Amino acid sequence: MTRFDNHRVVITGAGAGIGRLMAEKLAARGAEVIVTARRIAAAREVVECIRNAGGNAHAYTLDVSKIATIARFRDKLHEERGPISMLINNAGVVFGGEFEQVDLQRHLDTFKVNSEGLMACTHAFMDDLIAAPRAHLVNIASASAFIGLPYGSTYAASKWAVVGFSESLRLEMLERGLKQVKVTTVCPSYIATGMFKGVKTPLFSPMLTPNRVADSILNGVAKGEAFVIEPPMARSVELLKGVLPRKLWDQVARRTGVSTSMYSWKGKDKG
Ligand SMILES: NC(=O)c1ccc[n+]([C@@H]2O[C@H](COP(=O)([O-])OP(=O)(O)OC[C@H]3O[C@@H](n4cnc5c(N)ncnc54)[C@H](OP(=O)(O)O)[C@@H]3O)[C@@H](O)[C@H]2O)c1
């Protein structure tokens, strides 16, 4: 199993879900983990767990939707710990429902957190990554970045933006001769963290366990893979979309339950 000694890693939204799991697993594999969360209590709890298990971690508050605070967080981190060599942009939100029935502010917040916050964090830490001997940028997108997601249109759109951004940056690193900066885009289907509570999972795409996804991400990172897609079956979506006539693809998406999966979404807030 690849170790991550000598890596100082910032993870956004690491107080819960796969962010927390990645923090624990990276620390167990030798990394110094900077656990960031909106609520400091959540970050501290994760750090305590990691330290109890013998790992090295530190808690910081970071709300990625407060764009102006991100560079200040970076400066504070530099002062207290030093530069980083890995950034995992994991923080994310979703608001499902019929498009016009969901408050506009919620749609805009989705972009603020999932796309703008991710880009602002990357911008703040890019110099660190470029200066490190071996660096990694990991952007958590979604399998919904390959397909339309009815009742989750702005979530899908925010993740399409992440894929376009992440893939462009990966190629830019190669063009600029910065091969040591690896960029991995992560596209999982539904994961049982509560974020998509209530959804009806599509055929061939069972609810993934957070543990499986976190392991798969870290294995992909260790191998320097451009994409981590879970379940592997989801890789066929791009191919099918490319070769099938649009009307036939629409039918496939409908009959496999992809297009209707979000209809019953409740999410964390709705019990
Ligand atoms: N669950 C899925 O089915 C699924 C599928 C594909 C992709 N993803 C993506 O995977 C990532 C992790 O999601 P998850 O499944 O682990 O769900 P989760 O348990 O809800 O984790 C999301 C994390 O993001 C944090 N967050 C939300 N808004 C934030 C903000 N403004 N600033 C900083 N942190 C913020 C949350 O903090 P609070 O606890 O304070 O809200 C939480 O820790 C997300 O990017 C999500 O879009 C999830």
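Predicted model only: the values in this text are computed from it and were never measured.

A word on the site of the ligand
Okay, so step 1: Inspection of the region around the ligand gives 27 residues, with Arg38, Asn90, Tyr155, Ile191 and Thr193 positioned closest.
Okay, so step 2: Between the ligand and Gly13, the relevant distance is 3.1 Å, taken from an oxygen atom to a main-chain nitrogen or oxygen of the residue.
Okay, so step 3: Contacts to the ligand include Tyr155, whose side-chain N or O atom sits 2.7 Å from an oxygen atom.
Okay, so step 4: Contact with the protein chains covers 93% of the free accessible surface of the ligand, which is 880 Å².

Let's talk about the pattern of salt bridges
Okay, so step 1: Overall, the coordinates contain 12 salt bridges when judged by the stated rule.
Okay, so step 2: Note that Arg8 and Glu32 form a salt bridge whose closest N and O atoms lie 3.0 Å from each other. One end of the pair, Arg8, is in strand β1 (residues 8-11); the other, Glu32, is in strand β2 (residues 32-37), and 24 residues separate them in sequence.
Okay, so step 3: Residue Glu172 is joined to Arg176 by a salt bridge in which the shortest nitrogen-to-oxygen separation is 2.7 Å.
Okay, so step 4: When its relative accessible area of 48% is taken as the criterion, Arg176 is described as partly exposed.
Okay, so step 5: Taken together, the shared-partner salt bridges connect Arg20, Glu24 and Glu45 into one network.

Considering helix α4 (residues 104-131)
Okay, so step 1: End to end, α4 covers 40 Å across 28 residues, agreeing with the expected 40 Å (1.5 Å per residue, within 8%).
Okay, so step 2: The largest bend along α4 measures about 50 degrees and falls at Phe125.

Re the environment of Ser65
Okay, so step 1: Here Ser65 lies in the loop between β3 (56-61) and α3 (67-80).
Okay, so step 2: As a C-alpha pair, Ser65 and Ala192 span 127 residues in sequence and 24 Å in three-dimensional space.
Okay, so step 3: Not counting the four nearest positions on each side in its chain, Ser65 is found in contact with Lys112 and Val113.
Okay, so step 4: Reaching out from Ser65, the side chain makes a polar contact with the side chain of Asp63 at a distance of 2.6 Å.

A short note on the nonpolar core
Okay, so step 1: Membership of the largest hydrophobic core comes to 33 residues, with the highest contact counts inside it found for Ile11, Leu26, Val33, Val35, Ile88, Ile140 and Ile217.
Okay, so step 2: Listing elements by their share of this core, those giving two or more residues are β1, α1 (17-28), β2, α2 (40-52), β4 (86-89), β5 (135-140) and α6 (210-223).
Okay, so step 3: The element contributing the most residues to this core is α1, with 6 residues.
Okay, so step 4: Once residues within four sequence positions are removed from consideration, Ile217 is found in contact with Ile18, Met22, Val138, Ile140, Val186 and Val228.
Okay, so step 5: Phe73, Val113, Cys121 and Ala124 belong to the second-largest nonpolar core, a separate cluster that totals 29 residues.

Things to note about the layout of surface pockets
Okay, so step 1: Taken as a whole, the second largest pocket encloses approximately 190 Å³ of empty space.
Okay, so step 2: Here the residues of the lining of the second largest pocket are counted per class, giving 6 nonpolar, 5 polar and 3 charged.

Let's talk about the pairing of strand β7 (residues 227-230)
Okay, so step 1: Of the strand pairs in this sheet, strand β6 (residues 181-188) and β7 are connected by 4 bridges, and their pairing is parallel. Paired with Pro188 across the two strands is Glu230, which belongs to β7.
Okay, so step 2: With respect to chirality, the unit in which β6 leads through α6 into the neighbouring parallel β7 is left-handed.

Considering unusual backbone geometry
Leave glycine aside and you will find that most residues have negative phi; peptide bonds, for their part, are mostly trans.
Okay, so step 1: The peptide bond linking Glu230 to Pro231 adopts the cis configuration, its omega dihedral lying at -5 degrees.
Okay, so step 2: Positive phi, normally seen in glycine, also occurs at Asn6, with a value near 70 degrees.
Okay, so step 3: Relative to the elements of secondary structure, Asn6 occurs in the segment before β1.
Okay, so step 4: Not every positive phi belongs to a glycine, and Phe204 is a case in point at roughly 65 degrees.
Okay, so step 5: Relative to the assigned elements, Phe204 resides in the loop between β6 and α6.

With respect to empty space enclosed by the protein
To find the voids left in a structure, one rolls a probe of water-molecule size over its atoms.
Okay, so step 1: Taken as a whole and assessed by the stated rule, the structure comprises 1 cavity of 30 Å³ or more.
Okay, so step 2: Its boundaries defined by the atoms lining it, the largest cavity holds a volume of some 40 Å³.
Okay, so step 3: In terms of lining residues, the largest cavity is bounded by Thr12, Val64, Asn89, Asn90, Ala91, Val113, Gly117, Leu118 and Cys121.
Okay, so step 4: It is α4 that provides the largest number of residues to the lining of the largest cavity, a total of 4 residues.
Okay, so step 5: Grouping the amino acids of the lining of the largest cavity by side-chain chemistry returns 5 nonpolar, 4 polar and no charged.

Rules of the game
Residues numbered from 1 in each chain as written. Predicted model: local features only at pLDDT ≥ 70, side-chain atom pairs only at ≥ 80, totals over all residues. Heavy atoms only, no water. Near = heavy atom within 4 Å. Polar contact = N/O pair within 3.5 Å; in protein donor to acceptor, adjacent residues only side chain to side chain. Areas by Shrake-Rupley, 256 points an atom, 1.4 Å probe, with all protein chains shown as cover. Salt bridge = Lys/Arg side-chain N within 4 Å of Asp/Glu carboxyl O. Helix = DSSP H or I, 4+ residues; strand = E, 2+ residues; numbered from the N terminus. Buried < 20%, exposed > 50% of the residue type's maximum accessible area, 1.4 Å probe, protein only. Expected span 1.5 Å × (residues − 1). Bend = angle between axes of the 7 residues up to and from the residue. Contact = heavy atoms within 4.5 Å. Core = buried A, V, L, I, M, F, W, Y, C linked by side-chain atoms within 4.5 Å. 1 Å grid on protein atoms, 1.4 Å probe; cavity = no way out; pocket = protein on both sides within 12 Å on 5 of 7 lines; lining within 4 Å. Points joined across faces, edges and corners; volume = space filled by probe spheres on them. Nonpolar A, V, L, I, M, F, W, Y, C, P; charged D, E, K, R; others polar. Pairing = 2+ DSSP bridges. Right-handed = clockwise from strand over helix to strand, strands pointing away.

Limitation: the analysis is restricted to geometry and does not speak to function.
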